[in-house]
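Now for the letters of each chain:
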Amino acid sequence: MLDVLYFAWVRERIGEPREQVETRAATVAELVDELRSREDRYALAFSDLAALRVAIDQELADWDSPLDGVREVAFFPPMTGG
Amino acid sequence: MRIRVQSEPFDLAAELEGFGAEGDVGAQVTFTGIVRATGGLTRMEIEHYPGMTLRAIEKIAAEAAARWSLDDCLVIHRYGALVPGDRIMMVATASRHRAAAFEAAEFLMDYLKSRAPFWKKEYGPDGAAWVAAKDEDEDALSRW
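The model shown is predicted, which means the values in this text are computed figures rather than measured ones.

A. Representation of the overall build of chain B. The number of helices and strands found in chain B is 4 helices and 8 strands. Against the globule reference of 15 Å for 144 residues, chain B gives a C-alpha radius of gyration of 16 Å, in line with a compact fold. For chain B, the spread of C-alpha atoms along the three principal axes comes to 50 × 35 × 30 Å. When contacts within chain B are restricted to residue pairs at least 6 apart in sequence, those whose partners lie at least 24 apart make up 78%.

Written out as structure tokens, the structure reads:
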């Protein structure tokens, strides 16, 4: 079971800040494909991966990063701190 | 090294009290980010990723401290509701010489902008909109 978190407009499009996902996805990209095929709101949120960033266990990661042993995956737009 | 992420306002003078008091400090640089009213902005909401934010900033600050041998370093970043004129964040650096203090402060600012998990939503006359990251913010990292 994976904790999946969403922030900013990704959270708004999906409609919730976090959820638990039962998945066998081996990489972030596979997880995204699974989520996209669930419902339109996911397809919409993940329509342009260039506009998204991902963190694995609270560290920035890549789309091809493996999910083996991972507890938490977060999706969000590029950060706008400062 | 002191790093805080908080929703409450902070007192600039109080935060700098005793800052950089240890070591042979010859220069101290302070930067404060303030909410502007540009475009009729009435308020701003800053969202962050609680589990990751502090760790991400600590990593950035540790990198700055190592690269410029800082004697002290302070980062405060707010989240939640802010209005024009409010201080969003501050960084302070202390070093033997000013070049290191200035450069490290700029490095911290550049990385906080695009590597610390904060997202700003602006509210104005045309409604609400998430602030989009600028290409130039990402480009700014390449100079380091």
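So that's the structure; there's more coming.
B. Examining helix H3 (residues 98–115) of chain B more closely. End to end, H3 of chain B covers 25 Å across 18 residues, agreeing with the expected 26 Å (1.5 Å per residue, within 8%). When H3 of chain B is considered as a whole, its buried residues turn out to be Ala100, Ala101, Ala104, Ala105, Phe107, Leu108, Asp110, Tyr111, Leu112, Lys113, Ser114 and Arg115 of chain B.

C. View of the sheet that holds strand E5 (residues 80–82) of chain B. Residue and element names in this part refer to chain B. Spatial ordering of the open sheet is given by E5-E3-E7-E8, a layout of 4 strands whose pairing is antiparallel. Each edge of the open sheet carries a strand with a single partner, namely E5 and strand E8 (127–130). On average, adjacent strands in this sheet sit at an angle of 20 degrees to one another, irrespective of strand direction. Relative to E8, strand E7 (residues 118–124) runs antiparallel, the two being bridged by 4 bridges. Within E8, the position partnered with Tyr123 by the bridge is Ala128.

D. Here's a closer look at helix H2 (residues 50–67) of chain B. For H2 of chain B, with 18 residues, the first-to-last C-alpha span of 27 Å sits near the 26 Å given by 1.5 Å per residue. Buried residues belonging to H2 of chain B abut strand E3 (53–56) of chain A together with strand E1 (2–6), strand E3 (43–48), strand E4 (72–78) and H3 of chain B. Taken from the residues just after H2 of chain B, Ser69 of chain B is the one with a positive phi, measuring 35 degrees.

E. Up close: the pairing of E3 of chain B. All names here are of chain B. Here E3 shows one buried face, formed by Met44, Ile46 and His48, and one open face, formed by Arg43, Glu45 and Glu47. When E3 meets E7, the two strands line up antiparallel, connected through 6 bridges. By the bridge assignment, Arg43 is partnered in E7 with Tyr123. As paired strands, E3 and E5 are joined by 3 bridges and run antiparallel to one another. Paired with Glu45 across the bridge in E5 is Ala81.

F. Here's a closer look at the interface of chain B and chain A. Residue-level contacts link 21 residues of chain B with 13 residues of chain A. Put simply, the parts of the chain that give the side of chain B that touches chain A at least two residues each are H2, H3 and E7 of chain B. Top contributing element to the side of chain B that touches chain A by residue count: H3 of chain B, with 5 residues. In terms of residue class, the side of chain B that touches chain A is built from 12 nonpolar, 4 polar and 5 charged.

G. Representation of the packing of H2 of chain B against H3 of chain B in the model. All names here are of chain B. Interhelical geometry of H2 versus H3 gives an angle of 155 degrees and a closest axis separation of 10 Å. Here H3 runs roughly antiparallel to H2, going by the angle between their axes. Of the two possible hands of crossing, H2 and H3 adopt the one that is right-handed. Counted together, Ala56, Ile57, Ile60, Ala61 and Ala64 of H2 and Ala104, Phe107, Leu108, Tyr111, Leu112 and Arg115 of H3 form the full contact between these two elements. Tallied by class, the residues present in the contact of H2 with H3 amount to 10 nonpolar, no polar and 1 charged.

H. Structural detail: the sheet that holds E3 of chain A. All names here are of chain A. The strand order across the open sheet built from 5 strands is E2-E1-E5-E3-E4, with neighbouring strands paired in mixed fashion. Each of the sheet's edge strands pairs with one partner strand only, and the pair in question is strand E2 (18–21) and strand E4 (59–61). Taking the axes of each pair of neighbouring strands and ignoring which way they run, one obtains an average angle of 30 degrees across the sheet. Strand direction decides the pairing type here: E3 and E4, joined by 3 bridges, are antiparallel. Residue pairing across strands places Ile56 opposite Glu59, the latter belonging to E4.

I. Inspection of unusual backbone geometry at higher detail. Residues and elements named next belong to chain A. At Asp57, a position not held by glycine, the phi torsion is positive, near 45 degrees. Mapped onto the elements of the fold, Asp57 is located in the loop between E3 and E4. A count of 14 C-beta atoms within 10 Å places Asp57 in the partly exposed class. The residue Gln58 is not glycine, and still its phi comes out positive at about 70 degrees.

So, how was this worked out
Residues numbered from 1 in each chain as written. Chains lettered and ligands numbered in written order. Predicted model: local features only at pLDDT ≥ 70, side-chain atom pairs only at ≥ 80, totals over all residues. Helix = DSSP H or I, 4+ residues; strand = E, 2+ residues; numbered from the N terminus. Rg over C-alpha atoms; globule rule 2.2 N^0.38 Å. Contact = placed C-beta atoms within 7 Å. Expected span 1.5 Å × (residues − 1). Buried ≥ 20, exposed ≤ 12 C-beta atoms within 10 Å, placed from the backbone. Pairing = 2+ DSSP bridges. Axes fitted to C-alpha atoms, helices over the stretch in contact; angles between N-to-C directions. Nonpolar A, V, L, I, M, F, W, Y, C, P; charged D, E, K, R; others polar. Parallel < 35°, antiparallel > 145°, perpendicular 65-115°, else oblique. Left-handed = near helix turned anticlockwise from the far one by under 90°.

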